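So the chains spell out like this:
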Amino acid sequence: MDIRYYVINLAEKEERWNRMVRLSKENGVTLTRVEAFSPSTIPIKSAFSEIFNCYLSPQQLGCYFSHRGIWKKIAKGSSPFAVVLEDDAVFSEDLVSFVDEVKKASINFDIIRLEDTYKGTSFITDSKLVQVGGIDLGRLYSSSAGAGGMIVSKEGAKKLLEIARPVLPVDELLFNKYSPIWNQLINYQVKQILVWQLYSLGFGSIKGFESSISSPEKNRKKKKSLKTSIKKLIIKIRYLARLNLMKTQEVELDNSRKQKLEENEKDRFSIVS
């Protein structure tokens, strides 16, 4: 069974792609490059999120449509899932063996988050973790940020193509409890982190490797309306009620692979410079 490792990469960011290729060779995997949408190629030029009360930047729109393009590839493909990485991802060698084990596992999922939640040191899940190849997975019932590394199933991709509305920053659409589709997704989080983004390892300020997703400008935000505040309050009440009906646990994230990857990345950048 051939499992694709898709990497989203802007045409002008060749140095990022070259770094990903070196990383993939070190870990024995083949990457499939998917050209990212840029501000000049995005299908729409403006979108406003009522829930998050901001306009999306061109970079955020490009990120959304880039991920959506990969969902189409996964939905049309013959494999049951694919790995989706952004071009600032740093992944552990254990990712490859984990993906091989996911092939054999009988787990129903839309998305498996491979990276840190970037929302503290733990995540909320139900009472039972699932172990796949030595990696613990839990249903994700708390918000997370980032979309740098995940596994998306074929069925999950089909679902996303049907329900992924409105246009939002990808991580907020998929992993934020205020997202209109969040409750419809079967999302899992790995306890033992396998993917990090460069900025989280301290390499986000290196020329050519700065984060390409800029936050919307503050002056583009609108005043919060009473309607929006009530809508968010209703969502939060429903979220808390759902958790109250479940037996949940807070699981500490395992970042033990991070230091080794930081050291490897230092060596990789020293070779480039």
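Coordinates for the structure precede this section.
The rules behind each value
Residues numbered from 1 in each chain as written. Predicted model: local features only at pLDDT ≥ 70, side-chain atom pairs only at ≥ 80, totals over all residues. Heavy atoms only, no water. Buried < 20%, exposed > 50% of the residue type's maximum accessible area, 1.4 Å probe, protein only. Helix = DSSP H or I, 4+ residues; strand = E, 2+ residues; numbered from the N terminus. Pairing = 2+ DSSP bridges. Right-handed = clockwise from strand over helix to strand, strands pointing away. Axes fitted to C-alpha atoms, helices over the stretch in contact; angles between N-to-C directions. Phe/Tyr/Trp six-rings, centres within 6.5 Å; stacked < 30°, edge-to-face > 60°. Lys NZ or Arg CZ within 6 Å of the ring centre and 35° of its normal.

This paragraph deals with the pairing of strand β1 (residues 5-9). Of all five residues making up β1, five are buried, and the element is well covered by its neighbours. Because side chains alternate across β1, one face comprises the buried residues Y5, V7 and N9, and the other comprises Y6 and I8, equally buried. Pairing between β1 and strand β2 (residues 31-35): five bridges, direction parallel. Along β2, the bridge assignment pairs Y6 with T32. With helix α1 (residues 14-27) bridging β1 and its parallel neighbour β2, the resulting β-α-β unit is right-handed.

Across a sheet, strands are paired by hydrogen bonds formed along the backbone, either parallel or antiparallel in direction. Strand order across the open sheet formed by eight strands is β2-β1-β5-β11-β7-β12-β10-β9, with mixed pairing between neighbours. At either end of the open sheet lies a strand with only one pairing partner, and these are β2 and β9 (130-132). This sheet shows a mean twist of 30 degrees between the axes of neighbouring strands, independent of strand direction. Pairing analysis gives three bridges linking β9 to strand β10 (residues 135-139), with the strands arranged antiparallel. Note on β10: the bridge partner recorded for Q131 is D136.

Okay, the packing of aromatic side chains next. Scanning the model with the defined rule gives seven aromatic pairs in all. Between Y64 and F65, the ring centres sit 5.0 Å apart and the planes meet at 85 degrees, which makes this aromatic pair edge-to-face. The burial state of Y64 is the same as that of F65; both residues are buried. An angle of 35 degrees between the planes, with centres 5.8 Å apart, marks the rings of Y118 and Y199 as tilted. With Y118 in the loop between β7 (111-113) and β8 (122-126) and Y199 in the loop between β13 (195-197) and α6 (226-245), this pair connects stretches of sequence that are 81 residues apart. Members of the aromatic cluster, connected to one another through ring pairs, are F37, Y64, F65 and W71. One cation-aromatic arrangement involves K177 over Y239; the distance from NZ or CZ to the ring centre is 5.3 Å. Sitting over the face of the ring of Y178, K232 holds its NZ or CZ atom 4.6 Å from the ring centroid.

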